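Structural overview
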Amino acid sequence: MNDKSLKPCACGESVEVMVNSAWEVFVMCPRCARKGKTIKPPFRKVSVDDFLTYLEDAKNEAADSWNKGDCTH
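Attention here is on the structure that accompanies the text.

Procedures and definitions
- Residues numbered from 1 in each chain as written.
- Predicted model: local features only at pLDDT ≥ 70, side-chain atom pairs only at ≥ 80, totals over all residues.
- Heavy atoms only, no water.
- Salt bridge = Lys/Arg side-chain N within 4 Å of Asp/Glu carboxyl O.
- Helix = DSSP H or I, 4+ residues; strand = E, 2+ residues; numbered from the N terminus.
- Buried < 20%, exposed > 50% of the residue type's maximum accessible area, 1.4 Å probe, protein only.
- Core = buried A, V, L, I, M, F, W, Y, C linked by side-chain atoms within 4.5 Å.
- Contact = heavy atoms within 4.5 Å.

**A short note on the pattern of salt bridges**
All told, the structure shown has three salt bridges when counted by the stated rule. A salt bridge links glutamate 13 to arginine 31; the shortest N-O distance between them is 2.9 Å. Residue glutamate 13 is found in the segment before β1 (16-19), and its partner arginine 31 is found in the loop between β2 (25-28) and β3 (35-36); the two are separated by 18 residues along the sequence. Among the residues examined, glutamate 13 registers a relative accessible area of 25% and is labelled partly exposed. Here glutamate 61 ties to lysine 37 by a salt bridge, and the two come within 3.1 Å at their closest N and O atoms. Here lysine 37 lies in the loop between β3 and α1 (48-67) and glutamate 61 lies in helix α1, a separation of 24 residues in the sequence.

**Digging into the nonpolar core**
Core analysis: the largest hydrophobic core is formed by 15 residues, its most contacted members being Leu6, Val15, Val25 and Val27. If you list the elements that add at least two residues to this core, you get β2 and α1. Of all the elements, α1 adds the most residues to this core, at six residues. Discounting chain neighbours no more than four positions away, the residues touching valine 27 are Leu6, Val15, Glu16, Val17, Arg34, Lys35, Gly36, Ala62, Ala63 and Trp66.

Listed below in structure tokens is the structure:
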């Protein structure tokens with residue numbers, strides 16, 4: 001999930017929004033492994049539409065957090 005609105009990492013590399021096997025969404029730099037805030041999924045059964053909404057909202061929240069400088073190395 002590459003997003004042109006994300007600020008580049010401090011190392012100069014373009015970052016990407018990632019989703020791991022636990023469906024957590026975060027921004028990460030592929031070069032230096034700097035990682036943004038992790039957005040966790042709802043722990044309940046949801047419809048497919050609600051899950052897709054979660055993914056879109058989580059992507060936006062993770063991107064906003066990254067752009068504000070909330071990240072770890």
